[in-house]
Amino acid sequence: MIFNSFKAALPRTLPIFAGFWFLGLAYGVFATAHGFPFWYPGLMAIAIFGGSLEFVAVSMLCSPFAPLQTFIVSFLIQARHIFYGIAMLEKYKGLGWKKPYLIYAMCDETFAINCSSQLPEGCDRGWYYFFVSLLNQSYWVTGVIAGSLAGDFITFNTKGLGFVMTTMFAVIFTEQWRNERIHTHAYIGIVCSLFALVLFGKDSFMVPALVMMVAALTLFRKPITRQIAEASHD
Amino acid sequence: MTDMTIAEQMITIGLCAAATLITRFISFLAFSPKKPTPRYIQYQGLTLPCGIFAMLVVYCLRDVDLLSFPHGIPEAIALAFTLALQLWKRQMLVSMTGGTALYMLLVQQVFA
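Residues numbered from 1 in each chain as written. Chains lettered and ligands numbered in written order. Predicted model: local features only at pLDDT ≥ 70, side-chain atom pairs only at ≥ 80, totals over all residues. Heavy atoms only, no water.

Novice: What am I meant to see in the confidence of the model for chain B here?
Specialist: Close inspection of predicted coordinates is inappropriate in any region flagged by low pLDDT. Of all residues in chain B, 99% have pLDDT values of 70 or greater, and the mean over the chain is 88. When mean pLDDT is compared element by element in chain B, helix 1 (residues 6-30) of chain B scores highest at 95, while helix 2 (residues 39-60) of chain B scores lowest at 84. (pLDDT = per-residue confidence, 0-100. Helix = DSSP H or I, 4+ residues; strand = E, 2+ residues; numbered from the N terminus.)

What follows is the structure, encoded as structure tokens:
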């Protein structure tokens with residue numbers, strides 16, 4: 001059972017392996033280029049485990065010490081996880097000792113896989129989520145450490161490899177779209193994201209986008225709930 | 001390079017980690033697993049993910065500049081190719097590998 005769950009989790013995390021190793025290498029090179037020893041990015045990869053904040057943390061470390069600002073900026077960058085938590089409340093229910101680890105390791109990519117995938121047959125739900133989370137985290141940590149140790153030796157042209165993340169989210173969105181008969185909330189998501197991007201700019205649009213989505217979904221709760229109920233009766 | 005003392009550096013990293021943990025745990029702490037989750041929160045949990053993925057696609061493409069060369073053309077072609085593969089084969093790995101390979105070819109050779 002445990003082995004089956006591992007076997008099911010591994011192929012689904014392979015795209016993340018590619019993406020995380022690329023980004024992790026880049027981050028390791030970036031951090032050591034700022035004069036930090038290799039175990040600094042390694043420590044941050046384990047303690048923070050959130051790519052975008054880890055990049056920002058390097059520039060925070062190179063600025064004057066400002067604990068309050070550090071905390072507030074970190075919270076704002078990571079605030080989207082609050083919404084991931086709401087989406088995973090039911091899926092992570094009743095998983096015992098694994099649950100705290102799953103929540104700690106819930107980065108964008110792990111959330112994406114665990115939230116979207118239908119559980120394969122012969123799998124234990126808890127172990128499957130656990131292996132997806134653990135594999136993804138190990139890719140990130142090893143990638144970061146490798147990057148900080150050996151950044152200078154990478155010779156092949158990796159330009160554009162980071163696009164793998166874009167394709168992953170786009171494919172997951174497509175599958176969600178196909179699995180749902182009602183697309184009203186998907187349209188709301190697209191419109192809010194683009195609207196927030198135009199309004200707040202590329203560096204800080206995610207939280208406003210999520211707030212707009214929750215507000216719009218709340219506003220249209222009655223018609224959307226009715227649509228979903230009607231679609232499941234057909 | 002940093003001007004902070006070691007203690008200040010560790011506090012800074014610790015605060016980043018603490019803020020992250022709070023955002024990841026807060027929803028699970030706010031709603032007890034023993035009681036059923038409120039209907040409104042269940043509704044958000046059901047309808048929100050699709051929008052989140054739309055937002056993450058937008059996030060990945062946030063650095064694309066439509067006004068200057070190459071005007072987002074490589075991204076548009078590679079994304080269209082990814083989606084076409086997905087609708088045809090429905091194999092996530094195939095679509096992602098194909099789309100990324102095409103994108104790398106485009107930005108390294110065609111639009112270089």
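From this point, things continue past the structure.
Novice: Explanation requested: helix 5 (residues 80-88) of chain A in the structure shown.
Specialist: Residues separated by three or four positions in an α-helix point in the same direction, a consequence of the helix having 3.6 residues per turn. Where burial is concerned, most of helix 5 of chain A is hidden: 8 out of the 9 residues are buried. For helix 5 of chain A, the full list of buried residues reads A:Arg80, A:His81, A:Phe83, A:Tyr84, A:Gly85, A:Ile86, A:Ala87 and A:Met88. The inward-facing, buried residues of helix 5 of chain A abut helix 3 (51-61), helix 4 (67-78), helix 7 (108-116) and helix 11 (206-219) of chain A together with helix 1 and helix 2 of chain B. (Buried < 20%, exposed > 50% of the residue type's maximum accessible area, 1.4 Å probe, protein only. Contact = heavy atoms within 4.5 Å.)

Novice: Help me understand the interface of chain B and chain A, please; the structure alone is not making it clear to me.
Specialist: Accessible area lost on assembly of the parts is the figure often given for the size of an interface. Listed by partner, the interface residues are 71 residues for chain B and 94 residues for chain A. Buried area between chain B and chain A, both sides added, is near 7400 Å², and the carbon and sulfur share of it is 75%. Looking at the side of chain B facing chain A, the largest losses of area belong to B:Arg24, B:Phe28 and B:Phe53, adding up to 11% of the total buried there. On the surface where chain B and chain A come into contact, there are 2 salt bridges. Its salt-bridge partner being A:Lys202, residue B:Asp63 comes within 2.7 Å of it at the nearest N-O pair. Taken together, chain B and chain A are joined by 16 residue pairs in polar contact (both at pLDDT 80 or more). (Buried area = accessible area lost by both parts, 1.4 Å probe. Salt bridge = Lys/Arg side-chain N within 4 Å of Asp/Glu carboxyl O. Polar contact = N/O pair within 3.5 Å; in protein donor to acceptor, adjacent residues only side chain to side chain.)

Novice: What is the right way to read the packing of aromatic side chains from this model?
Specialist: The description of an aromatic ring pair uses the distance of the two centres, along with the angle that the planes make with each other. All names here are of chain A. Tallying each qualifying case throughout the model produces 25 aromatic pairs over all chains. An angle of 70° between the planes, with centres 4.9 Å apart, marks the rings of tyrosine 27 and phenylalanine 55 as edge-to-face. Pair noted here: tyrosine 27 is in helix 1 (residues 2-33) and phenylalanine 55 is in helix 3, with a separation of 28 residues, a long-range link. The class for tyrosine 27 is buried, based on a relative accessible area of 0%. Residue class for phenylalanine 55 comes out partly exposed when judged on its relative accessible area of 26%. On the basis of an interplanar angle of 55° and a centroid distance of 5.8 Å, the ring pair of tyrosine 101 and tyrosine 104 is categorised as tilted. Residue tyrosine 101 and its partner tyrosine 104 are both found in helix 6 (residues 98-104); the two are separated by 3 residues, about one turn of the helix. You can call tyrosine 104 buried: its relative accessible area is 18%. By way of ring pairs, the aromatic residues Phe6, Trp97, Tyr101, Tyr104, Trp127, Phe130 and Phe131 are connected into one cluster. In this structure, lysine 98 is placed above the aromatic ring of tryptophan 127, and the distance from its NZ or CZ to the ring centre is 4.4 Å. (Phe/Tyr/Trp six-rings, centres within 6.5 Å; stacked < 30°, edge-to-face > 60°. Lys NZ or Arg CZ within 6 Å of the ring centre and 35° of its normal.)

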